[in-house]
Amino acid sequence: MSADALYTDVYEKYTKYINPNLAKLMGFAGFGVEMRAEGCYIYDHEGRQFLDCLGGYGTFTFGHRNPVVIEAVKAQLDQIALSGKAFFTKQQADLAEKLAEITPGNLQFSFFCNSGAEAVEAALKLSKGATGRSKIVSSNGSYHGKTLGALATTGREKYRKKFLPLMPGVEFVDYGDIDALVAAIDDQTACVILEPVQGEGGIIVPPDGYLRAAREACDRHGALLILDEVQSGLGRTGAAFACNHEGVTPDIMTLAKAIGGGVMPLGVAVYTEDIYNKVYGENPMIHTSTFGGNPLACAAGLAALSQLTPELIENSRAMGERMLNGFKEIQSRFPAILGDVRGRGLMIGIEFTEDEVGEVAVATLMKEGVCVAYALNNPRVLRWEPPLIISAEQVDHAIAALNTAMLEVEALLAVLA
Ligand SMILES: Cc1ncc(COP(=O)(O)O)c(C=O)c1O
């Protein structure tokens, strides 16, 4: 089959059987059919190479097809793939121990599942079960997933309004506003759920002291603090966990995306012994998942965590700084188009002054061999989350491509004016 015929076949099947409007959007942005991936690159049906600066929304922290993860999963496949469920699973036991070791404070028990939304669902249930309360405080612009429970805490009307009423008792406050957050937490609050850096909201880094204030207010009222590190965790922000920047320990941390090593789907909620006793004390089956903790995913998770070295985290910090500085320099030359450049480590957002510019910029960047996408809750923001193994040369390629994209957008806007 020729490259063109392959593309047409896939495009038509997406249109007929999956999601026609999404197919149109992806086609417009210039996305082809992904055929192969390695390290920081994806290769499409025409053999074109793309520097992956979207990184599967933060999934490819350790690079595409990281050899250590691939090797571990292949070896596991030859032993046992999915759990028989009645037996113990060594990989699950080892991964839970490792997570208790590397997560901050007294986070100890792991509930394994298959996605970020499922990890959030577990965290919400654990909070309600442990406190016997039902009020939940979340933030505007947040993204915690689209399953019904997680959606009830996701702060974007666009995704919620068709499905109302959702789980009751959720109150939203503006992200980063310490006073509003503290005022919303009271003796009825089961939990506060926050991303330490908002991802889909447009890469929003909260002011210093925000997570600490959340921690203190939760402690004053006996509420639990859930930190959703599904996107920001595992080195992404230049620290093992984004909450480490403020030295704050949650009662429950959710992880997904990168923890599967970019090879297997894996999610987890890591939580305290006290919560375990209150929720699972009388019934060890009160919250379960058939595929959660399966040997293949846990083997991938263990191999992934073996790659979370101080050197990799330092590379995230240093390459993040290089990218941010390069983008800021471009912003200073295109202030009418590029409104803001911000981020922490390799979790970077650039905000355009108009919604429509994002789509044009994505298409131009694709032509320049750089893959990015805009944030789900904020189409004005292009989010950059490449693998943390990215090199200085690759960062410079991304910066040069953005410069070209800005020149093209400027020329286009001049024609339209
Ligand atoms: C912070 C955060 N939480 C939860 C989710 C939901 O994860 P998933 O898409 O794996 O369900 C996402 C996905 O982008 C996320 O960024």
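You'll find the structure just up there.
Right, let's walk through the structure included here. (Residues numbered from 1 in each chain as written. Predicted model: local features only at pLDDT ≥ 70, side-chain atom pairs only at ≥ 80, totals over all residues. Heavy atoms only, no water.)

Moving on, we get to the overall build of the protein chain. When its secondary structure is counted, the protein chain shows 15 helices and 15 strands. Compactness check: the protein chain gives a C-alpha radius of gyration of 21 Å against a globular reference of 22 Å for 417 residues, within 12% of the reference. The principal-axis extent of the C-alpha atoms belonging to the protein chain is close to 65 × 55 × 45 Å. Across the 417 residues in the protein chain, those meeting the buried criterion constitute 53%. (Helix = DSSP H or I, 4+ residues; strand = E, 2+ residues; numbered from the N terminus. Rg over C-alpha atoms; globule rule 2.2 N^0.38 Å. Buried < 20%, exposed > 50% of the residue type's maximum accessible area, 1.4 Å probe, protein only.)

Nonpolar side chains tend to gather and get buried jointly when the protein is soluble and globular. Grouped together as the largest cluster of nonpolar side chains are 89 residues, with contacts concentrated most on Trp384 and Met406. A total of nine residues in this core trace back to one element, the largest contributor, which is helix 15 (residues 392-416). Looking at which domains feed residues into this core, each of domain 1 (31-65 + 309-416) and domain 2 (67-306) supplies at least three. Every residue in contact with Trp384, bar those within four places of it in the chain, is listed here: Cys53, Met323, Phe327, Leu346, Met347, Ile348, Ile350, Leu365, Val370, Val372, Ala398 and Leu402. Counting residues in hydrophobic clusters, the runner-up holds 27 residues, among them Ala119, Leu151, Ile275 and Tyr280. (Core = buried A, V, L, I, M, F, W, Y, C linked by side-chain atoms within 4.5 Å. Domains from an automatic or database assignment. Contact = heavy atoms within 4.5 Å.)

Turning our attention to the site of the ligand. The local shell around the ligand consists of Ser115, Gly116, Ala117, Tyr143, His144, Gly145, Glu195, Glu200, Asp228, Val230, Gln231 and Lys257. In the environment of the ligand, an oxygen atom lies 2.8 Å from a nitrogen or oxygen atom belonging to the backbone of Gly116. Contacts to the ligand include Gln231, whose side-chain N or O atom sits 2.7 Å from an oxygen atom. Alone, the ligand offers 390 Å² of accessible surface; in the complex the protein occludes 83% of this. For the shell around the ligand, the residue count by class is three nonpolar, five polar and four charged. (Near = heavy atom within 4 Å. Polar contact = N/O pair within 3.5 Å; in protein donor to acceptor, adjacent residues only side chain to side chain. Areas by Shrake-Rupley, 256 points an atom, 1.4 Å probe, with all protein chains shown as cover. Nonpolar A, V, L, I, M, F, W, Y, C, P; charged D, E, K, R; others polar.)

Here the largest pocket is characterised by a volume of approximately 1,300 Å³. Lining the largest pocket are 43 residues, with Leu22, Met26, Phe31, Leu54 and Tyr57 positioned closest to its centre. Counting residues per element, the lining of the largest pocket draws most heavily on helix 2 (residues 20-29), which supplies seven residues. Among the residues forming the lining of the largest pocket, the class breakdown is 29 nonpolar, five polar and nine charged. Looking at the lining of the largest pocket, you find at least three residues from each of domain 1 (31-65 + 309-416) and domain 2 (67-306). As a volume, the second largest pocket reaches approximately 760 Å³. Considering the residues around the second largest pocket, the lining is formed by 25 residues, among which Gln92, Ser110, Phe111, Pro284 and Thr288 are closest to the centre. Secondary-structure elements contributing two or more residues to the lining of the second largest pocket are helix 5 (90-102), strand 4 (109-113) and helix 11 (273-280). Of the residues forming the lining of the second largest pocket, the biggest block, four residues, is contributed by strand 4. When its residues are assigned to classes, the lining of the second largest pocket shows 13 nonpolar, 11 polar and one charged. (1 Å grid on protein atoms, 1.4 Å probe; cavity = no way out; pocket = protein on both sides within 12 Å on 5 of 7 lines; lining within 4 Å. Points joined across faces, edges and corners; volume = space filled by probe spheres on them.)

Bringing a nonpolar patch on the surface into the picture now. Nonpolar side chains collect at one region of the surface, where Tyr14, Tyr17, Ile18, Leu22, Leu25 and Met26 lie side by side and expose about 570 Å² of accessible area between them. Among the secondary structure elements, those contributing two or more residues to the nonpolar patch are helix 1 (3-18) and helix 2. By the secondary structure assignment, Ile18 is in helix 1. Its relative accessible area of 56% is what places Ile18 among the exposed residues. (Patch = residues over 30% accessible without salt bridge, like charges linked within 9 Å, V, L, I, M, F, W, Y side chains within 5 Å. Salt bridge = Lys/Arg side-chain N within 4 Å of Asp/Glu carboxyl O.)

Let us look at the environment of Gly222. Tracing the backbone through its elements, the reader meets Gly222 in the loop between helix 10 (210-221) and strand 8 (224-228). A relative accessible area of 42% means that Gly222 is categorised as partly exposed. For the pair formed by Gly222 and Gly149, sequence separation is 73 residues and the distance between their alpha carbons is 22 Å. Those residues in contact with Gly222 that sit more than four places away from it in its chain are Thr131, Arg133 and Thr189.

What the four strands build is an open sheet, ordered 11-12-15-14; its pairing is antiparallel. Of all strands in the sheet, those with a lone pairing partner are strand 11 (338-344) and strand 14 (373-375), marking the two edges. This sheet shows a mean twist of 35° between the axes of neighbouring strands, independent of strand direction. With four bridges joining them, strand 12 (residues 347-352) and strand 15 (residues 378-384) adopt antiparallel strand pairing. Across the sheet, the residue bridging to Ile348 is Trp384, located in strand 15. (Pairing = 2+ DSSP bridges. Axes fitted to C-alpha atoms, helices over the stretch in contact; angles between N-to-C directions.)

This part covers helix 11. Of all the residues in helix 11, the buried ones are Ile275, Val279 and Tyr280. One face of helix 11 carries all of its buried residues, which in axial projection span an arc of 95°. (Arc of directions from axis to C-beta.)

The next subject is unusual backbone geometry. Following Leu164, the chain continues into Pro165 via a peptide bond in cis, with omega recorded as -5°. With respect to the helices and strands, the residue Pro165 is situated in the loop between helix 8 (157-160) and strand 6 (170-173). The residue Arg65 is not glycine, and still its phi comes out positive at about 50°. Assignment of secondary structure puts Arg65 in the loop between helix 3 (55-58) and helix 4 (67-77). Using a relative accessible area of 38% as the deciding quantity, one classes Arg65 as partly exposed. The phi angle at Lys85 is positive, at roughly 75°, despite the residue not being glycine. The topology assignment puts Lys85 in the loop between helix 4 and helix 5. Under the relative-accessibility criterion, Lys85 is labelled partly exposed at 42%.

The quantities given are spatial measurements derived from coordinates; they are silent on function.
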